[in-house]
Amino acid sequence: MTDTKAEAEVHPRDSESQEEYALVSEKKGTPDDQKDMYRMGKKQELRRNFRFVSIFGYSMILMATWETVLTTLIIPLTNGGTGGAIFVFIGTAIGMGFVITSMAEMASMAPTSGGQYHWVSEFAPKKHQRFLSYVVGWLCVLGWQTGIASIAFLAGGQIQGLIILNNDSYVPQRWHGTLLIIAVASFSIVFNTLLARKLPLVEGTVLVLHIFGFFAIFITMWVLGPRSKASEVFGSFQDNAGWGNIGLSCLVGQLAPIFALLGSDAATHMSEELRDAAHTLPRAMIWTAILNSSLGLLMLITFGFCLGDVESVIMTVTGQPHIQVMYNATQSKAGATVLASITVVMAIFGCVNNVATCSRQLFAFARDHGVPGSVFLSRVRPGWDIPLNSVLVSFAVSIGLSMINIGSTVAFNSIASLGTCALLSSYTISISCMFLKRWRNEPLLPSKFNLGRAGIWVNGISVVYLSMAFLFSFFPTFPHPTPDLMNWNILIYGVVVIFSLIYFVIQGRRMYAGPVEYINRDY
């Protein structure tokens, strides 16, 4: 039976107009979407206006691998050099490929805005379901809520770098950066409120810029940029940070590719706004990983060949090595500005998508009574078809975090980068639960994307890789750091986890039952 015919049986055609019928279909999704929501015990409140191209564009833009490779270039250049950067990126792409594949399967089994905390609730051992699900829910809240300020900060830093490039007298101030963070976040909020229904169209349009922008920079650099020898690019392993060990330095440098390939769960939090989510979502996730990893590697190799003097690039007055490399290649401030503006625009729209993701994840967790103010945060206003309250609260959080930058950029960076280790730990726990179910030969939920016998190996490799990546996410960029160069993630991460546990003991254990308790088991 085709989806159209099945929908006709669910919503019989009568004297009502075809337009009204289409509206009902968009609101409810396909019969399979309705079955999934019924099984999970959730009410369909959001509008399913995303399709494959729009959700694929959404995921590609939020991950923005080749753009992030450029904007975080200073980390691998300091820790590993060009050779280390390239080979560590390849290793990270392979490791994250297993992670994304594992998560794609879980997303097909339970396509819900809750994502990881919902999967843990369903797949964890019964006696640990509620507690682990609750912790993972808080980790996801932490990871995505800090993401808005983090991406806005990257965009703001690039804008300041372009101002310095074109105005030698400009002296950047911390409060300038804070205002830029607020400006980017405000722009993102407009797209997630007043223009929310146009978001799928925007994703397809910006996806074109993502692809063509890559080729604009890629071709320009190969035509105009200086050219290093292949042996120097692929064979240059440097420990500019002073770790005293090239291997360790390269492992510390993996923070950049991890950040560039992070966010594979973003699309899952939009699954309740995606048509035929169980089928479309995992395929969009896999293709995003393949294409973004490929584009990221090609761009990294390109800049490795066109880098020139590494020390001068690292010490650039713009504070953005990729802008300096573009200027060295074009020998034109206007040309470098145009090229670098592409990464600025992509970072801004990445922030737009981050707002959408973090608000949906917060909405889902509040719907299951996992956070304070659950009734307020889980409300979907009639006519808006979006969790508007969660969107506005996410905006307020980003504004609050941006204020920290006025007092200390180091403190702000520690909080903003905290999202990396929070999301990595949420991936680790959810995939570990799936691995354990396979290890015990327990039955799995039916899905439209199934790893079959290879699943236990894919899950196992994912957990091993994530454990290593999680460990190095707490490393500072330099050994023996002073307080202003210290990576304070471990402290902040511990405080948030402890707070969530205290809240669980005081209030959460009475309010939070976990998504598994709402499952319709007669399905």
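Everything here concerns the structure above.
Predicted, not measured: the structure shown is a model, and the values here were computed from it.

Colleague: How should I be thinking about the nonpolar core in this particular structure?
Modeller: A general trend in soluble globular proteins is that nonpolar side chains are found buried together. By size, the foremost hydrophobic cluster in this structure holds 129 residues, and its most contacted members are I217, F303, M326 and Y427. When residues of this core are assigned to their parent elements, the largest contribution, 19 residues, is made by helix α18 (residues 333-367). In this structure I217 touches W66, M299, F303, M326, L339, I342 and T343, once residues within four positions along its chain are discounted. By size, the runner-up hydrophobic cluster in this structure holds ten residues, among which are L139, L142, Y493 and V497.

Colleague: Can you help me understand the side chain of S133 in this one?
Modeller: Looking at where S133 falls in the secondary structure, it is placed in helix α9 (residues 129-166). On the accessibility criterion, S133 (0% relative accessible area) is buried. Beyond its immediate stretch of four places on either side in the chain, S133 contacts Y117, V120, S121, F365, Y512 and P515.

Colleague: Whenever I open this one, the packing of α9 against helix α10 (residues 174-193) confuses me. Can you help?
Modeller: The relative placement of two packed helices is expressed as an angle between their axes plus a distance between the axes. The geometry of α9 relative to α10 is characterised by a closest axis approach of 8 Å and an angle of 120 degrees between their N-to-C directions. Judged by the angle between their axes, α9 and α10 are oblique. Where α9 crosses over α10, the handedness of that crossing is right-handed. Packed against α9, whose contacting residues are I148, A149, A152, F153, A155, G156, I159 and Q160, the element α10 presents H176, G177, L180, I181, V184 and A185 at the interface. Of the residues belonging to the contact of α9 with α10, the class tally is ten nonpolar, four polar and no charged.

Colleague: Any chance you could explain unusual backbone geometry here in plain terms?
Modeller: Backbone phi values are negative for most residues with the exception of glycine, while trans is the configuration of most peptide bonds. With a phi angle near 55 degrees, D276 is a residue other than glycine that sits in the positive phi range. Considering the arrangement of structural elements, one finds D276 in the loop between α14 (255-260) and α15 (277-305). In this structure, H369 is a non-glycine residue whose phi angle is positive, near 65 degrees. A relative accessible area of 28% means that H369 is categorised as partly exposed.

Colleague: I keep staring at the side chain of S374 and nothing clicks. Help me out?
Modeller: The residue S374 is located in helix α19 (residues 374-377) in this model. Of note is the side chain of S374, whose polar atom sits 2.5 Å from the backbone oxygen of V371. Each residue touching S374, except ones within four places of it in the same chain, is listed here: A366 and H369.

Criteria and cut-off values
Residues numbered from 1 in each chain as written. Predicted model: local features only at pLDDT ≥ 70, side-chain atom pairs only at ≥ 80, totals over all residues. Heavy atoms only, no water. Core = buried A, V, L, I, M, F, W, Y, C linked by side-chain atoms within 4.5 Å. Buried < 20%, exposed > 50% of the residue type's maximum accessible area, 1.4 Å probe, protein only. Helix = DSSP H or I, 4+ residues; strand = E, 2+ residues; numbered from the N terminus. Contact = heavy atoms within 4.5 Å. Axes fitted to C-alpha atoms, helices over the stretch in contact; angles between N-to-C directions. Parallel < 35°, antiparallel > 145°, perpendicular 65-115°, else oblique. Left-handed = near helix turned anticlockwise from the far one by under 90°. Nonpolar A, V, L, I, M, F, W, Y, C, P; charged D, E, K, R; others polar. Polar contact = N/O pair within 3.5 Å; in protein donor to acceptor, adjacent residues only side chain to side chain.

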